[in-house]
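# Residue-level structural notes
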Amino acid sequence: MTRIVEVKVLEELVQPVHTNSISSHAQKTSFSLTQSSLWSVSQVFSKIFSHEALESYLPKIQLVIQDTLRVWGRNPDPINVYHEAQKLTFHMAIRVLLGFRIPDEELTRLFEVYQQFVENVFSLPVDLPFSGYRRGIRAREILQKGLEKAIREKLQSPQGKDYLDALDILIESGKEHGKELTMQELKDGTLELIFAAYATTASASTSLVMQLLRHPAVLEKLREELRSKGILHNGCLCEGALRLETIGSLHYLDCVIKEVLRLFTPISGGYRTVLQTFELDGFQIPKGWSIMYSIRDTHDTAPVFKDVDVFDPDRFGQGRNEDKDGRFHYLPFGGGVRTCLGKHLAKLFLKVLAVELASTSRFELATRTFPQMTLVPVVHPVDGLKVKFFGLDSNQNEILTEREAMLGATV
Ligand code: HEM
């Protein structure tokens, strides 16, 4: 395992390795979005995550997040943030990124199956009854059936959408290159997109909530920035206020998200194959070796970060810009040829979540102390992070749940 010290290492001397049994099994037998040689993957992704595409996803992302926070606020009991964040990311991928109109009940069922798939995706490929591998394969089959139904419905009935989603772009790009994608290719591409977005974004969303809880001064400074830009009026989000341009102008918000991703980087690193023998910190790394570059160790040891263990969003602010020296000290989204293709969408999602949390929610930790973190399969709190949410109305007063209102009435 190594810390990245030179750009050259990630860009020229190594190449990506794909691991994991169930998904690589899928990739061997059919199309894989990130490994396709049919046409340039980066071209397709540059369309899926272009400025215009992100602008058109934005109101939908905001809606999905608002609906979710409303549900969290109405729940009389604390919620498990990590579990709920996984559900939220899954909904975002299905409803916004892929544009599927799946009824709520079906979506909940698919989410449960998807969780089974993810829980078993890294199982050893031992195909015995009741093995994790068998459960994973079974879950993937059910998922693929659900996705096939959604894709067919989408292709058969034009839904009068006002934007092109990732699936539309994938199909269009195929046609532009004289290739009609098969149903299997569409299902695999779809599953791969959900897989890439799901765990990472849920992990970062949970870390964001935790850091806002731990650092009320940061939350207040964020609210101050929203007020100063006219986005937060008495706690209500003004209609139509959120545009990419507005979000881009929120510098403190940007620092907060960057700092969450520095300190709680969801993915610990990536695998590469050495193409050419090279030397690193006095060690010779031979051609043909598989190596792992560590994002977490890089963030922990990069000399540019002062007090590395302290959550300090201002380190990315004007005057300090601790990440400005060297492209490879700060790499939550990886680097080199296999850098994250969805990073702009991920950052946008996290920013909208932060804006919505700051504007429309009050939240408090429901346990006596903050939970320990675990790093596998992505960074997350061991108990999922139990938090009680309270919705805020337009006057920043708490919206009482029915039970609370009744209790209040009897006192
Ligand atoms: C906070 C959220 C996210 C983080 C921290 C993250 C991080 C990463 C990292 C570190 C890699 C590179 C791994 C390596 O070096 O081998 C990667 C690859 C990738 N990410 Fe993300 N990611 C996030 C969200 C997303 C989202 C929302 C999408 C798309 C919907 C996405 C799509 C991809 C894809 C397709 C790749 C593979 C690129 C390739 O192999 O060429 N990611 N991500």
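Remember, it's a predicted structure, so these values are computed and weren't measured experimentally.

Take the coordination of the iron atom of the ligand next. Each pair of donors in an ideal four-coordinate tetrahedral metal site encloses 109.5 degrees, whereas pairs in an ideal six-coordinate octahedral site enclose 90 or 180 degrees. Looking at the protein side alone, the iron atom of the ligand has one donor only, Cys340 (SG), at 2.3 Å. Among the structural elements, Cys340 can be located in the loop between α13 (295-301) and α14 (343-360).

Turning our attention to the UniProt feature "binding site: heme" (unreviewed entry) in the protein. According to UniProt, the positions carrying the feature "binding site: heme" (unreviewed entry) are Cys340. Overall, the relative accessible area of 28% leaves Cys340 in the partly exposed class.

With that settled, the discussion passes to the sheet that holds strand β12 (residues 386-391). An order of β2-β12-β9 is seen for the three strands of this open sheet, with the pairing classed as antiparallel. What marks the edges here is a single partner per strand, and that holds for β2 (79-80) and β9 (361-365). With two bridges joining them, β2 and β12 adopt antiparallel strand pairing. Across the sheet, Ile79 pairs through a bridge with Val387, a residue of β12. Against the sheet, helix α4 (residues 51-74) engages β2, β9 and β12, with an angle of about 105° to β12.

A word on helix α12 (residues 251-263). Note: α-helices contain 3.6 residues per turn, so residues at a spacing of three or four share the same orientation. Over its 13 residues, α12 runs 19 Å from end to end, which matches the ideal 18 Å to within 8%, given 1.5 Å per residue. By the criterion of burial, α12 is predominantly enclosed, with ten of the 13 residues buried. The set of residues buried in α12 consists of Tyr252, Leu253, Cys255, Val256, Ile257, Lys258, Glu259, Val260, Leu261 and Arg262.

With that settled, consider the pairing of strand β8 (residues 290-294). Judged by how many residues are buried, β8 sits mostly within the fold: four of five residues are covered. Here strand β5 (residues 269-274) runs beside β8; their pairing, made up of five bridges, is antiparallel. Looking across to β8, one finds that Arg272 is bridged to Ile291.

Counting residues in each nonpolar core, the largest one holds 101 residues, and the members touching the most others are Tyr57 and Ile61. Once residues lying within four places of it in the same chain are set aside, the contact partners of Ile61 are Met92, Val96, Leu345, Leu348, Phe349 and Val352. Val274, Phe278, Ile285 and Ile291 belong to the second largest nonpolar core, which has five residues in total.

Moving on: the site of the ligand. Around the ligand, the structure places 25 residues, and the nearest of them are Thr200, Arg272, Tyr293, Arg338 and Cys340. Separating an oxygen atom of the ligand from a side-chain N or O atom of Tyr293 is a distance of 2.4 Å. In the environment of the ligand, an oxygen atom lies 2.8 Å from a nitrogen or oxygen atom belonging to the side chain of Arg338. Elements supplying a minimum of two residues to the shell around the ligand: α9 (183-214) and β5. The element best represented in the shell around the ligand is α9, accounting for six residues. Of the residues belonging to the shell around the ligand, the class tally is 16 nonpolar, seven polar and two charged.

What follows concerns the packing of α12 against α14. The interhelical angle for the contact between α12 and α14, taken along N-to-C directions, is 115°, at an axis separation of 10 Å. Taken as a pair, α12 and α14 cross one another with a handedness that is right-handed. Counted together, Leu253, Asp254, Ile257 and Leu261 of α12 and Leu350, Lys351, Ala354 and Val355 of α14 form the full contact between these two elements.

This part covers the packing of α9 against helix α10 (residues 216-228). Helix-helix packing is described using two parameters, namely the angle between the two axes and the distance between the axes. Running from N to C, α9 and α10 point in directions that differ by 100°, and their axes come no closer than 5 Å. By the angle between their axes, α9 is roughly perpendicular relative to α10. For the pair α9 and α10, contact is made by Leu212, Leu213 and Arg214 and by Pro216, Val218, Leu219 and Leu222, respectively. For the contact of α9 with α10, the residue count by class is six nonpolar, no polar and one charged.

Turning to the pattern of salt bridges, a few remarks are in order. Throughout the structure, instances matching the rule amount to 25 salt bridges. A salt bridge links Lys87 to Glu84; the nearest nitrogen and oxygen atoms lie 3.7 Å apart. Here the residue Lys87 and the residue Glu84 both occupy positions in helix α5 (residues 81-97), the gap between them amounting to three residues, near one helical turn. Residue class for Lys87 comes out partly exposed when judged on its relative accessible area of 25%. The salt bridge involving Arg315 is made with Glu259; its shortest N-O contact spans 3.0 Å. Residue Arg315 is found in the loop between α13 and α14, and its partner Glu259 is found in helix α12; the two are separated by 56 residues along the sequence. The exposure class assigned to Arg315 is buried, which follows from its relative accessible area of 0%. Classification of Glu259 as buried rests on a relative accessible area of 0%. Shared partners join several salt bridges into a network, and the residues in it are Glu259, Arg262, Asp312, Arg315, Arg320 and Glu322.

Conventions adopted
Residues numbered from 1 in each chain as written. Predicted model: local features only at pLDDT ≥ 70, side-chain atom pairs only at ≥ 80, totals over all residues. Heavy atoms only, no water. Donors = N, O, S within 2.8 Å, 3.2 Å for Na, K, Ca; no water. Helix = DSSP H or I, 4+ residues; strand = E, 2+ residues; numbered from the N terminus. UniProt positions renumbered as here; feature names shortened; annotations may be inferred. Buried < 20%, exposed > 50% of the residue type's maximum accessible area, 1.4 Å probe, protein only. Pairing = 2+ DSSP bridges. Contact = heavy atoms within 4.5 Å. Axes fitted to C-alpha atoms, helices over the stretch in contact; angles between N-to-C directions. Expected span 1.5 Å × (residues − 1). Core = buried A, V, L, I, M, F, W, Y, C linked by side-chain atoms within 4.5 Å. Near = heavy atom within 4 Å. Polar contact = N/O pair within 3.5 Å; in protein donor to acceptor, adjacent residues only side chain to side chain. Nonpolar A, V, L, I, M, F, W, Y, C, P; charged D, E, K, R; others polar. Left-handed = near helix turned anticlockwise from the far one by under 90°. Parallel < 35°, antiparallel > 145°, perpendicular 65-115°, else oblique. Salt bridge = Lys/Arg side-chain N within 4 Å of Asp/Glu carboxyl O.

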